[in-house]
Amino acid sequence: MNSPEPAPSAPTPPPDTELRSWLRARVGHYAQLDAAAIDPTATLTTYGLDSVYALILCGDIEDHLGLALEPTVAWDHPTIDALARHLEETLAQASPSGESR
């Protein structure tokens with residue numbers, strides 16, 4: 001008798017890195033919710049973040065990470081997971097070991 005094949009597993013969510021935790025805290029602050037209540041896969045608009053908050057969040061990220069970002073970064077990457085991935089890639093490219101010359 002053949003044993004059944006295991007069901008495909010759901011994709012593993014990315015680890016809750018320091019950056020993701022910080023982003024969840026910022027979104028929670030703006031949404032007036034506890035950071036633990038913020039789903040990193042939900043769109044930022046789910047929590048009522050409009051264009052004003054997106055610009056403020058962009059400024060917070062720039063201050064926190066020392067990066068210059070496009071003001072549309074939160075719209076281009078509309079979830080915490082997507083935004084964190086983008087920022088991690090940007091940071092990696094900006095670091096001396098990530099530079100391509």
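Computed from a predicted structure; not experimentally measured.

Student: I'd like a description of the side chain of Thr79, backed by residues and values.
Tutor: Within the secondary structure layout, Thr79 lies in the loop between helix H3 (73-76) and helix H4 (80-94). Once you skip the residues sitting within four places of it in the chain, Thr79 turns out to touch Pro40, Thr41, Ala42 and Thr43.

Student: If you had to explain helix H2 (residues 51-65) to someone new, which residues and values would you point to?
Tutor: With 15 residues, H2 extends 21 Å between its outermost C-alpha atoms, agreeing within 8% with the 21 Å of an ideal straight helix rising 1.5 Å per residue. Buried within H2 are the following residues: Ala54, Leu57, Cys58, Asp60 and Ile61. All buried residues of H2 lie within an arc of 165° about the axis, which places them on one face of the element. Relative to its buried face, H2 has exposed residues pointing more than 90 degrees away, namely Val52 and Asp63. In the core, the buried residues of H2 are packed alongside helix H1 (18-31), H3 and H4. Following H2 by one or two positions, Gly66 has its phi on the positive side, about 70°.

Student: Tell me about unusual backbone geometry, and name the residues and values.
Tutor: Phi at Gln32 takes a positive value of approximately 60°, unusual for a residue other than glycine. Along the chain, Gln32 turns up in the loop between H1 and H2.

Student: Any details on the confidence of the model for the protein chain? Residues and values, ideally.
Tutor: Do not read the fine detail of predicted coordinates wherever pLDDT is low. On average, residues of the protein chain carry a pLDDT of 85, and 78% of them reach 70 or more. Note that residues 6-13 has pLDDT below 50 and, in this model, zero contacts with residues that lie over four places away or in other chains.

Student: How would you summarise a nonpolar patch on the surface if you had to cite specific residues and measurements?
Tutor: There is a patch of nonpolar side chains on the surface, built from Val52, Tyr53 and Ile56 and spanning about 240 Å² of accessible area. By the element assignment, Val52 lies in helix H2.

Student: Lay out the environment of Ala68 with the relevant residues and their values.
Tutor: In this structure, Ala68 sits in the loop between H2 and H3. A C-alpha to C-alpha distance of 9.1 Å links Ala68 and Cys58, two positions ten residues apart in sequence.

Cut-offs applied
Residues numbered from 1 in each chain as written. Predicted model: local features only at pLDDT ≥ 70, side-chain atom pairs only at ≥ 80, totals over all residues. Heavy atoms only, no water. Helix = DSSP H or I, 4+ residues; strand = E, 2+ residues; numbered from the N terminus. Contact = heavy atoms within 4.5 Å. Expected span 1.5 Å × (residues − 1). Buried < 20%, exposed > 50% of the residue type's maximum accessible area, 1.4 Å probe, protein only. Arc of directions from axis to C-beta. pLDDT = per-residue confidence, 0-100. Patch = residues over 30% accessible without salt bridge, like charges linked within 9 Å, V, L, I, M, F, W, Y side chains within 5 Å. Areas by Shrake-Rupley, 256 points an atom, 1.4 Å probe, with all protein chains shown as cover. Salt bridge = Lys/Arg side-chain N within 4 Å of Asp/Glu carboxyl O.

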